[in-house]
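Examination of the molecular architecture
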Amino acid sequence: GKASAAEAGGAPTVAERARVFFGGECNGGNAAWLDSAVYLSAQLRAGHVLRGPALVVGVTSTVVLEPGCSAEVSTEGDLIIEVGDVGTRPEVRPEPESGTAPVRADAAADPVLLSVLGNRFMSIAEQMGRTLQRTASSVNIKERLDFSCALFAADGSLVANAPHVPVHLGAMADTVACAAAAWRGRLREGDVLVTNDPAEGGSHLPDITVITPVMALKNVGGAEGKEGEVVYFVASRGHHADVGGLTPGSMPSDSKELGEEGALLRCFKLVERGIFQTATVLTALRAPALLPRELGEQPIAGCRGETDVLSDLRAQVAANNRGVALLRGLEEEYSRGTVLNYMTHVQAHAEAAVRALLRAKAVELMAEAEKKASSDDEPRSVVLDAERMLVRVRAEDTMDDGTPIRLELTIDGSSGEATFDFRRCGDQVVGNWNAPTAITSAAVIYCLRLLLERDVPLNSGCLRPVAIVHRAGSLLSPAAGLAICAGNVLTSMRLTDVILRAFRAQAASQGCMNNFTFGNEHFGYYETIAGGCGAGPGWHGTSGVQCHMTNTRITDVEVLERRFPVAVCSFSLRRGSGGAGEWRGGDGVVREVEILADGVTATLLTERRVLRPFGMRGGRAGAAGRNTLSRAASGDVLGLGGKNRVRCGKGDVIKIETPGGGGWGALLPGVVDEEDTAGVWADAASSTDASRSTGERRAQAGGALPSRLRGTPSVALSMPGGEGVEF
């Protein structure tokens, strides 16, 4: 029988509350997630009355009370349920909780949902990348993975990216922001934009960015945003095999003007209302051949591989379409308002992480200044205001031609803000290693993300606490129209070394992407080659790796030899090229490629062939790189320097030896390591001993260390007794 509520001793205890989904047939026609009370059957007493929506959880069963229903506990412990008429039940609206209904822009982020959606955003970018790789036709994108995909807010700010190429990702935000501003109000469903303009966030001309707006659609994702309004952007950037210019591959070693590097695609509609604009694209790709030239100047070619470029552009459109579909699926799952607001939260989370990092770095650098730990080969710290924790650090390095890259980094430890001042950098050059301002932004955001010890997606929030200052007409802020193709692949790497030097984070790495291009009027191939990574406090540099601003693979030998008239003679580590120290720098590599056809033009665009990658905290510099050409006809071996192009005949061999990384920490007392040696050393007992730190070697040898012998790369062997054998 029934019992009174008094018998039960008061109202039933709610164990917890949970969100439960009820279909429209049991909720007045409104299917929704509802906030529901959860009761434990063991805690219920006779006379307790429960009202739906609720759950009653027992040891072996769970009872669901629908909205409008009620239950009373009998004296025997049974539940007597009164089921209301579905047609007369009151409609219960879902409560606005994160994850199901739009979250207010000023609402605090739910940490679980922040993690879930942050990873979902990155997953979308990763799936875009897989689509691009599968559908592309060129070796550059399909095999080398020289592409990047990312999600952006409506204003063009970076939200999330896949772990692709850092120099792309940091610069793409500028590109998308420029496109968003220029095309505001003029984009429609089915439109896609394309650009490679260095003045609007482009890195260099072969890197073409395809941008797709994601429009608000009726009945998709909720009411936020007017129908037809841009709510997000997705974009992909890929390095195309050839876009015209002086040399095959569009990476000339001697370009002086932007027009000599290929086709300039000022932002236009690649796809208009679903129609791919083939004629417009071809006109742009052929335009370089129409540029006027002075008598005696080399003519400029249009795109040498139109079919590949068009195919890869379509693949980028397909990748973007995949991103659009996945974003709309996310809207259906969480609502557009929630997706929009958590894009903001993801950026705010990155901003907070960077501010915390900068505060910690200010403390570290102040402590260093107080201990006077800086030395001649490292940047100097100056405490300007200890009470406000304002610290200034200067770092510098020099390009092989003598152009300095100078950074004055000021960190405000109280606010967690920093100013990266590059105004003292050298002037723009009559060469192609000028770097558009977007390259500096890419290097800064990459280094900040690298220094974070938290798993934070790289996005525009990382740059909110940061100001970047340039001087117009400098190497890092060149005038429009100057050549820039090497700024993306050489200067960006040197920038990274300088920024990490200022933070006392790592010795210099190889300092360039070791660009090798070859082709003729019918084809062009481009690759970047690995080198040594700099050592750091407590770890050796990695050998033979694509480090920092590049993150591409190198084409498999089998694929390269099948697709192009070349043979790879050797590809190995350049043993001992890493700088010595308590922690050794990583070794570079040796790559020899034989040309199997006449009339092939090869181009090399490299750095650190003159100045070696610096060590830190007393660590030695890594070995400089070296490029040579062996002529089959004459047997001559010719030095090519850092930047050169040559006409090759059948049987000619190009050998590229890439730089090693700098070492970290002083060598132990008594260890000889000549400043001008390339650092290739081995004990007679072990050919791999040079890869170990001096600390490891001392422990194994009981304190006795072999002396070292001056020698050339890979030809010196040191004997335990100090005797040397040269080969």
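Throughout, a residue's number is its position along its own chain's written sequence, starting from 1. Local features are withheld for residues below a pLDDT of 70 in this predicted model, meaning they are given only at 70 or higher, and side-chain atom pairs are given and counted only at 80 or more; totals for whole chains, interfaces and linings count all residues. Remark: hydrogens and water are excluded; side-chain values derive from all non-hydrogen atoms of the structure.

So, about the overall build of the chain. Helix numbers and strand numbers start at the N terminus; a helix is a DSSP run of H or I with at least 4 residues, a strand a run of E with at least 2. Along the backbone of the chain there are eleven helices and 30 strands. Each residue is placed in one exposure class: buried if its accessible area under a 1.4 Å probe, protein chains only, is under 20% of its type's maximum, exposed if it is over 50%, and partly exposed if it falls in between. For the chain, buried positions account for 56% of its 727 residues. For the chain, the exposed surface amounts to about 28,800 Å²; the carbon and sulfur share of it is 51%. Surface exposure here means Shrake-Rupley accessible area, sampled with a 1.4 Å probe, where a residue is shielded only by the protein chains that are shown.

Below, the discussion takes up the packing of aromatic side chains. What counts as a ring pair is set by centres within 6.5 Å for rings of Phe, Tyr and Trp (its six-membered ring), and what kind of pair is set by the plane angle: stacked under 30 degrees, edge-to-face over 60, tilted for all other angles. For the coordinates displayed, the defined rule picks out eight aromatic pairs. Geometrically, the ring pair formed by phenylalanine 420 and phenylalanine 503 is tilted, given 6.3 Å between the ring centres and 50° between the ring planes. With phenylalanine 420 in strand β18 (residues 417-421) and phenylalanine 503 in the loop between α9 (487-502) and β20 (515-519), this pair connects stretches of sequence that are 83 residues apart. Each member of the pair, phenylalanine 420 as well as phenylalanine 503, is classed as buried. When the centroid spacing of 5.1 Å and the interplanar angle of 45° are considered together, the rings of phenylalanine 518 and tyrosine 525 count as tilted. On the accessibility criterion, phenylalanine 518 (1% relative accessible area) is buried. Judged by its relative accessible area of 1%, tyrosine 525 is buried.

Our next topic: the confidence of the model for the chain. Averaged over every residue, the pLDDT of the chain is 84; the share at 70 or more is 83%. Across residues 86-106 the pLDDT falls below 50, and counting only partners more than four positions away or on other chains, this stretch makes 52 contacts in the model. Across residues 373-379, where pLDDT falls below 50, the model places 18 contacts with residues more than four positions away in sequence or in other chains. As a per-residue measure, pLDDT tells how confident the predictor is, with possible values from 0 to 100. In what follows, residue pairs with any heavy atoms lying within 4.5 Å of each other are defined as contacts.

Note on placement: valine 566 falls in strand β22 (residues 566-574). What makes valine 566 buried here is its relative accessible area of 2%. Expressed as a C-alpha distance, the spacing of valine 566 and leucine 596, which sit 30 residues apart in the sequence, is 5.1 Å. Non-local contacts of valine 566, meaning those with residues more than four positions away in its chain, are made with Phe518, Leu560, Glu561, Val593, Glu594, Ile595 and Leu596.

If DSSP finds at least two bridges between two strands, the strands pair. The strand order β1-β2-β4-β5 describes an open sheet built from four strands, whose pairing is mixed. The open sheet is flanked by β1 (16-22) and β5 (62-65), the only strands paired with a single partner. This sheet shows a mean twist of 30° between the axes of neighbouring strands, independent of strand direction. As judged from the seven bridges shared by β1 and strand β2 (residues 32-40), these two strands associate in the antiparallel manner. Residue pairing across strands places phenylalanine 21 opposite tryptophan 33, the latter belonging to β2. Comment: axis = line fitted to C-alpha atoms, over the contacting stretch for helices; angle = value between 0 and 180 degrees taken between N-to-C directions.

Here the focus is the sheet that holds strand β7 (residues 79-82). Backbone hydrogen bonds hold the strands of a sheet together, and the pairing may be parallel or antiparallel. Pairing in this open sheet of three strands is antiparallel, and the strands run β3-β6-β7 from one edge to the other. Two strands lie at the open edges of the sheet, namely β3 (49-51) and β7, each paired on one side alone. Mean inter-strand twist for the sheet, computed between neighbouring axes without regard to direction, equals 20°. Judged from the four bridges that link them, strand β6 (residues 70-73) and β7 form a sheet pairing that is antiparallel. Counterpart to alanine 71 in the pairing with β7 is isoleucine 81.

To continue, consider the state of the cysteines. Whenever a pair of cysteine sulfur atoms sits within 2.5 Å, that pair is classed as a disulfide. Applying the stated criterion across every chain yields a total of zero disulfides. Considering cysteine sulfurs only, cysteine 267 is the nearest to cysteine 178, which forms no disulfide, with 8.9 Å between them. Given the relative accessible area of 30%, cysteine 178 is considered partly exposed. This cysteine, cysteine 533, is not joined by any disulfide, and cysteine 547 carries the nearest cysteine sulfur, 4.4 Å off. Here cysteine 533 falls in the buried class, since its relative accessible area comes to 11%.

What follows covers the packing of helix α8 (residues 437-451) against α9. Running from N to C, α8 and α9 cross one another at 45°; their axes reach a closest spacing of 9 Å. With respect to each other, α8 and α9 are oriented oblique. The way α8 lies across α9 gives a crossing that is right-handed. Together, Ile439, Thr440, Ala443, Val444, Tyr446, Cys447, Leu450 and Leu451 of α8 and Gly487, Asn488, Ser492, Leu495, Thr496, Ile499 and Leu500 of α9 make up the contact between the two elements. Considered class by class, the residues forming the contact of α8 with α9 number ten nonpolar, five polar and no charged. Between 65 and 115 degrees an angle is taken as roughly perpendicular, under 35 as roughly parallel, over 145 as roughly antiparallel, and anywhere else as oblique. Each crossing gets its handedness from the near helix: less than a right angle anticlockwise from the far helix is left-handed, clockwise is right-handed. Gly is placed with the polar residues, together with every amino acid not listed as nonpolar (Ala, Val, Leu, Ile, Met, Phe, Trp, Tyr, Cys and Pro) or charged (Asp, Glu, Lys and Arg).

Along the polypeptide, valine 456 turns up in the loop between α8 and β19 (466-469). Under the relative-accessibility criterion, valine 456 is labelled buried at 2%. On a C-alpha basis, the gap between valine 456 and alanine 350 in space is 6.0 Å, while along the polypeptide they are 106 residues apart. Among residues more than four places away in sequence, those in contact with valine 456 are His349, Ala350, Ala353 and Arg449.

Let us now look at the side chain of serine 460. Within the secondary structure, serine 460 is located in the loop between α8 and β19. The residues contacting serine 460, other than those within four sequence positions of it, are Ser157, Leu158, Ala173 and Gln347.

Salt-bridge detection follows one rule: a side-chain nitrogen of Lys or Arg within 4 Å of a carboxyl oxygen of Asp or Glu. Scanning the entire structure with this criterion turns up 31 salt bridges. Between arginine 304 and aspartate 242 there is a salt bridge whose closest N-O contact spans 3.0 Å. Of the two residues, arginine 304 is situated in the loop between α5 (278-286) and α6 (306-334) and aspartate 242 in the loop between β12 (230-239) and β13 (268-272); the sequence distance between them amounts to 62 residues. The same class applies to arginine 304 as to aspartate 242, namely buried. We note a salt bridge from glutamate 417 to arginine 355, for which the minimum N-O separation is 3.3 Å. With glutamate 417 in strand β18 and arginine 355 in helix α7 (residues 336-371), this pair connects stretches of sequence that are 62 residues apart. When its relative accessible area of 36% is taken as the criterion, glutamate 417 is described as partly exposed. Among the ionic contacts, a cluster of salt bridges with common partners joins Asp397, Arg494, Asp497, Glu607, Arg608 and Lys643.

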